[in-house]
Each structure stands twice: as structure tokens, then as C-alpha cells.
Amino acid sequence: MGRLFMYPSIDHGKQAMIPVRFGALQGYICKNLFSPALEKLLENPDLLFQGSDARIVKQMGNTRTVRFSVEEDEFLLKHYLSRGWGQSLLGPFRGSRGRKAMGSAALFASRGVPTPQPIALLEKRELLLSSESYLLFGFHEDLETLYQMNGRLGEERFLNTGLLDQVGRDVLKMHRAGLYHGDLKWSNILVSENNKGIGALVDLDGAGTLGFGRKDKMAMDLSRFLVDLYEILTNRRSGTEMFLRGYLKECGESSGKIMKLLNLVEQKVARKLKEHSRARGHDIRLAPGEITGVLNHPI
């Protein structure tokens, strides 16, 4: 079957993966999941997205995700479609988008930030260049997105769970670990009603280490979360204060540095809401001081 390599799992264990090839597709798959039934589906993964019974979970831009079952197991397959020859030519240097996301998952897990473990990577090559890629994950029945939980519980009950405060604390932990998500939408945060805080972060396509531009990357995460909060909740002030107080409670920065960060967050939220109002037709706006004003109340 070829030489095994080890990929760190979410609990910091080790899971053996083996190389596989299906025509133009090649990559790796978790050894203990390699079955004839799964192999048959992965030989032509595009078929999983076709037909009226295809369970498309998300389709946005150049990515799409489908849920499917093999015998008694449930899986999610994320497909990174081609972005054209320009992107493919960078493949030998950057690797495919799926490979990059798989590396980000390993990085997050190694630093204690929960994220689903990819159990297979497939890359489609044309003239030795990676044009498309696929990542396979197990489906977590006990987790749902933050957006789904709010819709299921109703806003009042959702706010009373204290979840937003704990999510804020968990985002701070991620930043303290030197990481940022890059697209911290509510649909990318998996939670469970039985366990407070973030159960897993998904869609790590734009994730990485803070490094250079640290403050801007932190503000990007906070602002993207708050844009969804403003567009989802009606009691926006309470939700904003819960989330930011959770984040700032153990931040350890001076009030001056916190104010600079919140000013940057407020600018980004105001700009993004303005863009969304034109594209989505809503009239949600951010008043000056709505975010920086959190510091006017005890944390």
C-alpha cells in the first residue's frame, strides 16, 4: 500500500494514513477507514454532489460540501474547485487548498484548539499541477453551528445560556496560542448544548499564525464574528457585550491597547455591514461607539 505517515489527531494521538490513487486523484486516507464501500465512492467524488438526493451542506464561491453515509458512518466531503491556471501554477510551491487546510487543522490541534480531523485528502492533478482537491471529515452528530443553535433555541434562551461569553474566552485562547481563524462566521463555529464554549472550528482555509500584522488579524476574527451577531440577533447590544466581555476579561492588555483593538474592530464591522447592506438589502448599521463603548461598563 506504500509507506505510512502519521497525522496528529484532535486529541493529540497519532492516526496512520496510507497513500491512495484513483485515476487522476491521489492523496492519503486514514488506514482504519479504508473500505471497499468508501473506496468506490471516492473513485469519483463529484457524483456525491449530483442528483436530487445529494445532501449539500454548503456551497459558496469555489468550495462546496456534501454530507453522505457509508454503511453506518456519516461523512462530510469538502471540494475545493479549481480557481484557474494561475492558482494551479502556484500548487508546487503552496500545495493545494485542501492540503493547506489539512496542515492548518494539524497546527490548530497541536496547539490545543479543537477542529475536526481530516481523514482523507485527495488532489486532482493536471500536467503535474494540483487543480482541485477534496478533504474528507467524519460527521459529528452532537455538534451544530452557533447559527443553528440560536435558531433552534430562540434568541432569549440562546443568550441566557452564557455561550457567547464562553465563545469569547475561547477565541482569546486561540489568539493566545498564536493563531487566527480568518473567517470566524457563526456557521464556522461548532458548539454543543451540553458543553459550553467552542466544540470545534471548521473551514480553516484562511487560518494561520498571527505573526506579522497580529492586531489586524485579531481584529479580523472579532469583527467577522460581530458582523454575524449584528445580522442574526435583534438584541445586538447584549450579545456584543457578552462576547467582548468574555474575550476581554482575561486579555491582560492595557486599556489603551484594548481601546485601539476595539477601534479597529468597530471600523471593520461598520465597513462590512455597509457592504452587506448593499448586497443583502438590509439596513443594519453600526453607531459610533457601539463596540468601543463596551469599555464604559465593568468587565
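Below you will find a few notes about this structure. (Residues numbered from 1 in each chain as written. Predicted model: local features only at pLDDT ≥ 70, side-chain atom pairs only at ≥ 80, totals over all residues. Heavy atoms only, no water.)

Details of the pairing of strand β11 (residues 189-192)
Piece 1. Alternating residues of β11 divide into I189 and V191 and L190 and S192, and every residue in both groups is buried.
Piece 2. Bridge count for strand β9 (residues 144-145) against β11 is two bridges, and the pairing is antiparallel. If you follow T145 over to β11, its bridge partner there is L190.
Piece 3. As paired strands, β11 and strand β12 (residues 195-201) are joined by four bridges and run antiparallel to one another. Within β12, the residue paired with S192 across the bridge is N195. (Buried < 20%, exposed > 50% of the residue type's maximum accessible area, 1.4 Å probe, protein only. Helix = DSSP H or I, 4+ residues; strand = E, 2+ residues; numbered from the N terminus. Pairing = 2+ DSSP bridges.)

Some details on the sheet that holds β11
Piece 1. Ordered by their spatial adjacency, three strands build an open sheet running β9-β11-β12, and the pairing between neighbours is antiparallel. Bordering the open sheet on either side are β9 and β12, each of which pairs with just one other strand.
Piece 2. Against the sheet, helix α7 (residues 163-176) engages β11 and β12, with an angle of about 45° to β12. (Contact = heavy atoms within 4.5 Å. Axes fitted to C-alpha atoms, helices over the stretch in contact; angles between N-to-C directions.)

Let's talk about the packing of α7 against helix α9 (residues 236-248)
Piece 1. Closest axis-to-axis distance for the α7/α9 pair is 6 Å, and the angle between their directions is 40°. Judged on the interaxial angle alone, α9 and α7 are oblique. Here α7 runs over α9; the crossing is right-handed. Side by side, α7 and α9 meet where L164, D165, V167, G168, R169, V171, L172 and H175 of the first sit next to G239, M242, F243, R245, G246 and Y247 of the second. (Parallel < 35°, antiparallel > 145°, perpendicular 65-115°, else oblique. Left-handed = near helix turned anticlockwise from the far one by under 90°.)

Topic: the layout of surface pockets
Piece 1. One number sums up the size of the largest pocket: a volume of about 710 Å³.
Piece 2. Lining the largest pocket are 30 residues, with V57, L76, S187, L190 and V202 positioned closest to its centre.
Piece 3. Listing elements by their share of the lining of the largest pocket, those giving two or more residues are β4 (55-60), β5 (63-70), β6 (73-80), α4 (97-110), β8 (129-138), β9 and α5 (146-153).
Piece 4. Tallied by class, the residues present in the lining of the largest pocket amount to 17 nonpolar, seven polar and six charged. (1 Å grid on protein atoms, 1.4 Å probe; cavity = no way out; pocket = protein on both sides within 12 Å on 5 of 7 lines; lining within 4 Å. Points joined across faces, edges and corners; volume = space filled by probe spheres on them. Nonpolar A, V, L, I, M, F, W, Y, C, P; charged D, E, K, R; others polar.)

What to know about helix α10 (residues 255-280)
Piece 1. Here α10 is 26 residues long and its end C-alpha atoms lie 36 Å apart, about the 38 Å a rise of 1.5 Å per residue gives.
Piece 2. Those residues of α10 that fall on the buried side of the exposure criterion are I258, L261, L262, V265, E266, K268, V269, L273, H276 and S277.
Piece 3. Packed against the buried residues of α10 are α8 (214-232) and α9.
Piece 4. Positive backbone phi, approximately 80°, marks G281, located one or two places after α10. (Expected span 1.5 Å × (residues − 1).)

Looking at the nonpolar core
Piece 1. Residues L146, F158, L164, V171, L201, F225 and L226 are the most contacted members of the largest nonpolar core, which totals 48 residues.
Piece 2. Looking at this core element by element, the count peaks at eight residues for α8.
Piece 3. Setting aside residues up to four positions removed in sequence, V171 forms contacts with L184, I198, L222, F243 and Y247.
Piece 4. In terms of nonpolar packing, the next biggest core, distinct from the first, is built from 20 residues, L38, L48, F49 and F68 among them. (Core = buried A, V, L, I, M, F, W, Y, C linked by side-chain atoms within 4.5 Å.)

Points about the environment of N235
Piece 1. One can find N235 in the loop between α8 and α9.
Piece 2. Here the alpha-carbon distance between N235 and E155, two residues 80 residues apart in the chain, equals 8.2 Å.
Piece 3. Residue contacts for N235: discarding those within four places in its chain leaves E155 and L159.

Some details on the side chain of E132
Piece 1. One can find E132 in strand β8.
Piece 2. Polar side-chain contacts of E132 include one of 2.6 Å to the side chain of H79.
Piece 3. Here E132 is in contact with H79, Y80, L81, S82, L122, E123 and K124, once residues within four sequence places are set aside. (Polar contact = N/O pair within 3.5 Å; in protein donor to acceptor, adjacent residues only side chain to side chain.)

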